[in-house]
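The lines below spell out each chain.
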Amino acid sequence: MANKTTLISTTIAVLFLAGLAGTMSNAHPKFAVREAVTCVQCHVNNQGGGLRNEYGANYYSRDVLPAIPWDDFGNENFTTAINEFIRYGSDVRMQFYNYSEQNSSQNAFFPMQADVYLGVTPSDQFTVYFEQSLFRSIASTDLWAQWSNSGGNVYVRFGQFFQDYGLRLDDHTSFIRGGNDGGVVVNENTAQIPVQFQGLHWKPENNNVGFEAGYNPIGWKITGSIGKKLGQETYSTSINASRAFWIGPANMLFGLSYFNGGYYRQLDRYSYYGAYAGLNWGPLTLMGEADLMRDYPAANATGFTAYADLTWQIQDGVFLALEQDYFDANRDLENNELVRYTIGAELFPISYVEVKPQYRLLNATASPDFSRSEFILQFHFWF
């Protein structure tokens, strides 16, 4: 009977993880920091993530990232462009996951992400974009049309999309993105934080239908949006502005973000105020974000979350990384914090392939005896 119960719980966990674990379009903002550019340098979407443009798909992914360049094994005629007007792409992630906490442990191997993309550009000034996760409903689809001026540095977008805020990390479990909600949560009695508030709300199901406008002169990204989630009446607004530049041998990124709205607590609005920055010097890249939360997860609550990542490039295609995530749901209360430490590697052996092994340690301050050790091995394929 115990074995049967264990099997059932494991199966539920696998299905839960497969359904919720990061089907949002992902990006590597640290690579933008390394090049002193904004994410639109490699992606069709101004926010980053999703479909890659010619530079991102056929140059950066082939010749810059991997240890073995494309010319050594790939067909030079391969392209993700059907013609000069239509481009497609995909991201697929498989993950092995093992965690141990107190007297329990669990492991699973599951498909984490399977997204398909399509971009149609009938003219230099007009783009139609489609992005769909094979694990999620139409409610999490990106589908929008965008008009740009003749110079390409001003645009207006209408449709369903993810609002632009902060660093759009490839790790949805970071507390500055979706946090534990969308993965293996910490029991509310242990963390003293409601499950749905163990991280900011940037998860796939939280995209909006609305408008976005952007201004993108060289090195800048400034966006503003207003919209509401399907089936809800609460409108939300966001502003995100960043500047990429260099000072001598150092590449820099600095940005500010603001969000006001509500998903979980529709009758009471809440706000985020964020700042993020990045610095690249030779093989080292340091990147981080800090966010102040107002009225989240409760009215009159003030919370704080932060993320830091230090990456060292050993050689082409080999990166070592140290990360820290911190989440304080309410600074007026004691012992309601979550802290995660991560050490790992990001390996790009060949074009369009990433292997990411990580060891993570999660602590909840509400329970001095609680800690969760996690080992993750992720395989990422894209084109």
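Participant: Any details on the overall build of the protein chain? Residues and values, ideally.
Facilitator: When you go through the protein chain residue by residue, the secondary structure sums to four helices and 16 strands. By residue count, 53% of the 383 residues in the protein chain fall in the buried class. The contacts of the protein chain with a sequence gap of at least 6 include a subset with a gap of at least 24, amounting to 55%. With an accessible surface of roughly 16,600 Å², the protein chain has 62% of that area assigned to carbon and sulfur atoms.

Participant: Summarise the pairing of strand E3 (residues 126–133); cite the residues concerned and give the values.
Facilitator: Within a regular strand, the side chains alternate between the two sheet faces. Note that strand E2 (residues 104–123) and E3 share seven bridges and pair antiparallel. Note on E3: the bridge partner recorded for Asp 115 is Ser 133. As consecutive antiparallel partners, E2 and E3 are separated by two residues. Pairing of E3 with strand E4 (residues 142–148), which is carried by six bridges, proceeds in the antiparallel orientation. Counterpart to Phe 126 in the pairing with E4 is Trp 147.

Participant: An account of the packing of aromatic side chains is requested, with residue identities and associated values reported.
Facilitator: Following the criterion strictly, the structure yields 30 aromatic pairs and no others. Here Phe 31 and Tyr 60 contribute two aromatic rings whose centre-to-centre distance is 6.3 Å and whose plane-to-plane angle is 55 degrees, an arrangement assigned as tilted. Here the residue Phe 31 occupies a position in helix H2 (residues 29–35), and Tyr 60 occupies one in helix H3 (residues 54–64), the gap between them amounting to 29 residues. Both rings, one in Trp 202 and one in Phe 259, keep their centres 5.3 Å apart while their planes meet at 80 degrees; by these two values the pair is edge-to-face. Placement of the pair is Trp 202 in the loop between helix H4 (188–191) and strand E6 (208–215) and Phe 259 in strand E9 (residues 250–261), with a sequence separation of 57 residues. Residue classification places Phe 259 among the buried residues on the basis of a relative accessible area of 0%. Residue placement shows Arg 372 over the ring face of Tyr 99; its charged tip is 5.2 Å from the ring centre.

Participant: Describe the side chain of Asn 58, with residues and values.
Facilitator: Along the chain, Asn 58 falls in helix H3. Polar contacts involving the side chain of Asn 58 include one to the side chain of Glu 54, which spans 2.9 Å. Looking at Asn 58, its side chain comes within polar contact range of the side chain of Thr 79, at 3.4 Å. Sequence-distant contacts of Asn 58, that is, excluding residues within four places in its chain, are made with Asn 53, Asp 63, Phe 78, Thr 79, Thr 80, Arg 87 and Tyr 352.

Participant: Let's hear about a nonpolar patch on the surface: which residues, and what values?
Facilitator: A cluster of nonpolar side chains, namely Leu 279, Trp 281, Leu 284, Leu 286, Leu 310, Trp 312, Ile 314, Leu 320, Leu 322, Ile 343, Tyr 359 and Phe 375, defines an oily patch on the protein surface of about 1,100 Å² accessible area. Looking at the nonpolar patch, the elements with two or more residues in it are strand E10 (270–281), strand E11 (284–294), strand E12 (302–315) and strand E13 (318–328). The leading source of residues in the nonpolar patch is E12, at three residues. Topologically, Leu 322 is positioned in strand E13. Assessed through its relative accessible area of 46%, Leu 322 is described here as partly exposed.

Participant: Would you mind going over the pairing of strand E14 (residues 337–347) in detail, with residue names and values included?
Facilitator: Pairing of E13 with E14 involves 11 bridges; the strand directions are antiparallel. Across the sheet, the residue bridging to Ala 321 is Gly 344, located in E14. Relative to strand E15 (residues 353–364), E14 runs antiparallel, the two sharing eight bridges. Note on E15: the bridge partner recorded for Arg 340 is Leu 362. A loop of five residues connects E14 with E15, the two strands running antiparallel in sequence, and Tyr 352 in this loop sits at a positive phi of about 70 degrees.

Participant: Would you mind going over a negative patch on the surface in detail, with residue names and values included?
Facilitator: A contiguous patch of negative charge on the surface is contributed by Asp 63, Asp 71, Asp 72 and Glu 76. With respect to the secondary-structure elements, Glu 76 resides in the loop between H3 and strand E1 (86–101). Residue class for Glu 76 comes out exposed when judged on its relative accessible area of 65%.

Participant: Got a sec to walk through the pattern of salt bridges? Specific residues and values, please.
Facilitator: Enumeration according to the criterion identifies 13 salt bridges in this entry. Measuring nitrogen to oxygen at the nearest pair gives 3.0 Å for the salt bridge that ties Glu 346 to Lys 30. Of this pair, Glu 346 sits in strand E14 while Lys 30 sits in helix H2, and the two are 316 residues apart along the sequence. The same class applies to Glu 346 as to Lys 30, namely buried. The partner of Glu 374 in a salt bridge is Arg 372, and the shortest N-O contact between them spans 3.8 Å. With respect to class, Glu 374 is no different from Arg 372; both count as buried.

Participant: Kindly report on unusual backbone geometry, identifying the contributing residues and their values.
Facilitator: Here the residue pair Tyr 296 and Pro 297 is connected by a cis peptide bond, since its omega of 10 degrees sits within 30 degrees of zero. Turning to its location among the elements, Pro 297 is positioned in the loop between E11 and E12. Phi angles above zero are rare outside glycine, and Asp 295 is one such case at about 60 degrees. Within the secondary structure, Asp 295 sits in the loop between E11 and E12. A positive phi angle, close to 60 degrees, is found at Asn 335, a residue other than glycine. Within the secondary structure layout, Asn 335 lies in the loop between E13 and E14.

Rules behind the numbers
Residues numbered from 1 in each chain as written. Predicted model: local features only at pLDDT ≥ 70, side-chain atom pairs only at ≥ 80, totals over all residues. Heavy atoms only, no water. Helix = DSSP H or I, 4+ residues; strand = E, 2+ residues; numbered from the N terminus. Buried < 20%, exposed > 50% of the residue type's maximum accessible area, 1.4 Å probe, protein only. Contact = heavy atoms within 4.5 Å. Areas by Shrake-Rupley, 256 points an atom, 1.4 Å probe, with all protein chains shown as cover. Pairing = 2+ DSSP bridges. Phe/Tyr/Trp six-rings, centres within 6.5 Å; stacked < 30°, edge-to-face > 60°. Lys NZ or Arg CZ within 6 Å of the ring centre and 35° of its normal. Polar contact = N/O pair within 3.5 Å; in protein donor to acceptor, adjacent residues only side chain to side chain. Patch = residues over 30% accessible without salt bridge, like charges linked within 9 Å, V, L, I, M, F, W, Y side chains within 5 Å. Salt bridge = Lys/Arg side-chain N within 4 Å of Asp/Glu carboxyl O. Lys, Arg positive; Asp, Glu negative; His and termini not counted. Charge placed at Lys NZ, Arg CZ, Asp CG, Glu CD.

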